[in-house]
Amino acid sequence: MNKIPLEEPISTGLDIDNYTGGLWHGDIIVIAGRPGMGMIPLACTIAHNVAEDNGRVNFISLRTKPERLKERFVGLACRETRKALRDQAIDQGNTLREEVDAAFDKIYQERISLDSQPGIDIDELSNKVKNDPNFDLLIIDNLQLLTDSANNFDSRWEEMGSICRKLKSLNLKLDVPVIILSHLSREVEKRGGAKRPQLTDLSDSGAIEQIADIVMFIYRPEYYGIKTTPEGQSTTGLSEVILSRNNRGPNQSIPLYYIKNYGRFENLTTSKEETD
């Protein structure tokens, strides 16, 4: 299967592309948010869209087993909840895992590679992906779980600085876009008002800012109990991807629709057309 040409950026399939031009080779893209905001669903949505466009994705998770990720991908691709997938499996006389494995293989046909590597060292991760570079997009979940055992560090801050520098070196050698998921600190929860995230809310923000070409935050007002927008619009399913650092264009807040039942992000226009 041919890879996407190097000179072409990769489309996310979302309106994010209107402000970034897509995912560029050699760029590091950080997706950050508080727990429950939808970091993994956004990463999975982008991976799904890339695979649909015949791109190849290497998704390495330090916290989620491939079996659970497969459920996520099949659910968002088929627009089904986990319960619905389980009910279908029972109807077919299969286990949920058998049903999901078969559906995943049929949908993606080896275009998405899933790997679970809890506790992996940054040097181990680098060697692993360099030994099998046949992909167009690398996704790593998540930054705060990476370690660097090559040196003795006086602080986690120093270790994170080393990890980020090695990630950038890996990124340049691979010459593919690398999406890295990252937590936000709890400080955003202490802020008054709408609690919109900003760059200083990034855990280990200094080290991350030095390597990131794009930093995007996921923000869902309903997560904080905000029921309507200032214009009176319902916030149910409403989300924003906030480009707080964008070397490819302007900083911008991009409205998207989050379908929580099957973990999928869509453009607002697409969702509206499908519900009309």
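Quick caveat: nothing in here was measured; it's all calculated off a predicted structure.

Caption draft 1: Local environment of the overall build of the chain. Looking only at helices and strands, the chain has ten helices and nine strands in total. Its C-alpha radius of gyration of 19 Å places the chain within 12% of the 19 Å reference for a compact globule of 276 residues. Oriented by its inertia axes, the alpha-carbon framework of the chain measures out at about 55 × 45 × 35 Å. When burial is assessed residue by residue, the chain has 51% of its 276 residues classed as buried. Within the chain, contacts between residues at least 6 apart in sequence are counted, and of these 69% link residues at least 24 apart. Put simply, the chain shows about 13,000 Å² of open surface, and 45% of that area lies on carbon and sulfur atoms.

Caption draft 2: Fine view of helix 7 (residues 156-174). The terminal C-alpha atoms of helix 7 lie 26 Å apart, and with 19 residues this matches the ideal 27 Å at 1.5 Å per residue to within 8%. Inspection of helix 7 places E159, M160, G161, S162, I163, C164, L167, K168, L170, N171 and L174 among the buried residues, and these make up the whole buried set. One or two residues past the end of helix 7 sits D175, with phi positive at roughly 55°.

Caption draft 3: Up close: the pairing of strand 4 (residues 137-141). Where burial is concerned, most of strand 4 is hidden: five out of the five residues are buried. A two-sided burial pattern is seen for strand 4, the buried positions comprising L137, I139 and D141 on one face and L138 and I140 on the other. Of the strand pairs in this sheet, strand 2 (residues 57-61) and strand 4 are connected by five bridges, and their pairing is parallel. The residue of strand 4 that forms the bridge with N58 is L138. With four bridges joining them, strand 4 and strand 5 (residues 178-183) adopt parallel strand pairing.

Caption draft 4: Spatial organisation of the sheet that holds strand 9 (residues 264-267). A sheet is described by the order of its strands in space; here nine strands give the open sequence 3-2-4-5-1-6-7-8-9, paired in mixed fashion. Two strands close off the open sheet at either side, each with one partner strand: strand 3 (112-116) and strand 9. Each strand axis lies, on average, 25° off the axis of its neighbour in the sheet, ignoring direction. Packing against the sheet, helix 7 makes contact with strand 1 (28-33), strand 4 and strand 5, and its axis sits at approximately 135° to strand 1.

Caption draft 5: Focus on the packing of helix 2 (residues 39-52) against helix 3 (residues 66-78). Between helix 2 and helix 3, the shortest axis-to-axis distance is 10 Å and the interhelical angle comes to 65°. As judged from the angle between their axes, helix 2 and helix 3 are roughly perpendicular. Helix-helix and strand crossings are classified by hand; for helix 2 and helix 3 the assignment is right-handed. For the pair formed by helix 2 and helix 3, the contact residues are I40, P41, C44, T45, A47 and H48 on the first element and L69, R72, F73, L76 and A77 on the second. Considering only residue class, the contact of helix 2 with helix 3 consists of eight nonpolar, two polar and one charged.

Caption draft 6: Spatial organisation of the pairing of strand 2. Taken across its five residues, strand 2 has five buried, putting it largely inside the fold. The side-chain alternation of strand 2 yields two buried faces, one formed by V57, F59 and S61 and the other by N58 and I60. Where strand 2 and strand 3 come together, five bridges link them in parallel fashion. The residue of strand 3 that forms the bridge with V57 is I112.

Caption draft 7: Representation of the side chain of T235 in the model. On the secondary structure map, T235 appears in the loop between strand 6 (214-219) and strand 7 (238-246). A relative accessible area of 2% places T235 in the buried class. Residues in contact with T235, not counting those within four places in the same chain, are P221, E222, I226, K227, T228 and T229.

Caption draft 8: Looking closely at the packing of helix 3 against helix 5 (residues 96-108). Packing of helix 3 against helix 5 brings their axes to within 9 Å, and their N-to-C directions diverge by 60°. Judged on the interaxial angle alone, helix 5 and helix 3 are oblique. Where helix 3 crosses over helix 5, the two elements pack in a sense that is left-handed. Along the contact surface, helix 3 presents E67, K70, E71, F73, V74, L76, A77 and C78, while helix 5 presents L96, R97, V100, D101, A103, F104, I107 and Y108.

Caption draft 9: Representation of the environment of N127. Take N127: it is sitting in helix 6 (residues 122-130). Along the chain, N127 and L170 lie 43 residues apart, while their C-alpha atoms are 9.2 Å from each other.

Caption draft 10: Molecular detail of the packing of aromatic side chains. The final tally for this structure, using the stated rule, is seven aromatic pairs. Ring pairs connect the aromatic residues F59, F73, F104 and Y108, which therefore count as one cluster.

Caption draft 11: A look at the pattern of salt bridges. Per the counting criterion, the structure on display carries 20 salt bridges. Between R34 and E189 there is a salt bridge, with the nearest N and O atoms lying 2.9 Å from each other. One end of the pair, R34, is in the loop between strand 1 and helix 2; the other, E189, is in helix 8 (residues 187-190), with 155 residues separating them in the sequence. On the accessibility criterion, R34 (14% relative accessible area) is buried. For E189, a relative accessible area of 27% gives the class partly exposed. Notably, a salt bridge pairs D87 with K83, separated by 2.9 Å at the nearest N-O pair. Taken as a pair, D87 and K83 lie in helix 4 (residues 82-91) at a separation of four residues, close to a single helical turn.

Procedures and definitions
- Residues numbered from 1 in each chain as written.
- Predicted model: local features only at pLDDT ≥ 70, side-chain atom pairs only at ≥ 80, totals over all residues.
- Heavy atoms only, no water.
- Helix = DSSP H or I, 4+ residues; strand = E, 2+ residues; numbered from the N terminus.
- Rg over C-alpha atoms; globule rule 2.2 N^0.38 Å.
- Buried < 20%, exposed > 50% of the residue type's maximum accessible area, 1.4 Å probe, protein only.
- Contact = heavy atoms within 4.5 Å.
- Areas by Shrake-Rupley, 256 points an atom, 1.4 Å probe, with all protein chains shown as cover.
- Expected span 1.5 Å × (residues − 1).
- Pairing = 2+ DSSP bridges.
- Axes fitted to C-alpha atoms, helices over the stretch in contact; angles between N-to-C directions.
- Parallel < 35°, antiparallel > 145°, perpendicular 65-115°, else oblique.
- Left-handed = near helix turned anticlockwise from the far one by under 90°.
- Nonpolar A, V, L, I, M, F, W, Y, C, P; charged D, E, K, R; others polar.
- Phe/Tyr/Trp six-rings, centres within 6.5 Å; stacked < 30°, edge-to-face > 60°.
- Salt bridge = Lys/Arg side-chain N within 4 Å of Asp/Glu carboxyl O.

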